[in-house]
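Given next are the chains, with one letter for each unit.
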Amino acid sequence: MISSTQFFKCLSDETRLLSTLLIFQQGELCVCELMEALEESQPKISRHLAQLRSCGILSDRRDKQWVYYALSPSLPEWTQQVLGAAVDANQTQLKACSDRLHRMSCRPQRCP
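What this report covers is the structure whose coordinates are included nearby. (Residues numbered from 1 in each chain as written. Predicted model: local features only at pLDDT ≥ 70, side-chain atom pairs only at ≥ 80, totals over all residues. Heavy atoms only, no water.)

Some thoughts on the side chain of Thr79
Here is the rule we go by: Counting from the N terminus, the helices are DSSP H or I runs at least four residues long and the strands are E runs at least two residues long. Between buried and exposed lies partly exposed: a residue is buried under 20% and exposed over 50% of the maximum accessible area for its type, with that area taken using a 1.4 Å probe on protein chains only. Two N or O atoms count as a polar contact when they lie within 3.5 Å, although within protein this holds only if one can serve as hydrogen donor and the other as acceptor, and sequence-adjacent residues are included solely when both atoms are side-chain atoms.
One can find Thr79 in helix H5 (residues 77-89). When its relative accessible area of 0% is taken as the criterion, Thr79 is described as buried. Within the structure, the side chain of Thr79 is placed 2.6 Å from the backbone oxygen of Pro76, a separation counted as a polar contact.

Side note on helix H4 (residues 42-54)
So the rule is basically this: What a helix should span is 1.5 Å times the count of its residues minus one. What the arc covers is the set of directions going from the helix axis to the C-beta atoms. Any two residues whose heavy atoms approach within 4.5 Å are treated as being in contact.
For H4, with 13 residues, the first-to-last C-alpha span of 18 Å sits near the 18 Å given by 1.5 Å per residue. Within the sequence span of H4, burial applies to Ile45, His48, Leu49 and Leu52. Viewed along the axis of H4, the buried residues span an arc of 100°, placing them on a single side of the element. In H4, the exposed positions angled more than 90 degrees off the buried face are occupied by Pro43 and Ser54. Tucked inside the fold, the buried residues of H4 contact helix H1 (4-10), helix H2 (14-26), helix H3 (31-38), strand E2 (58-63) and strand E3 (66-71). Positive backbone phi, at 95°, marks Gly56, one or two positions downstream of H4.

Here is the structure:
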């Protein structure tokens, strides 16, 4: 189980925080979607997602050539409350990211 210290340390970077908040809002996203939403390079996004996965905040699943990231189902309940409050506190920045994401052409199709 993730400790509060580890949780907050993992989210202390803006890219990791925004990636996690977008995933919290959207349910799951792949690297290419986060690249578009955050306007960052693939290596940078992948590096931060790997850190979030290794500390237990995110889980991943593969579907053909795509890897999708979602919140880890083993996160404690209090983390959901913290992430919800962080979403509320970052509405302006997240709206800009979500707008870029929704304008993205060729988003991967998720299999049911």
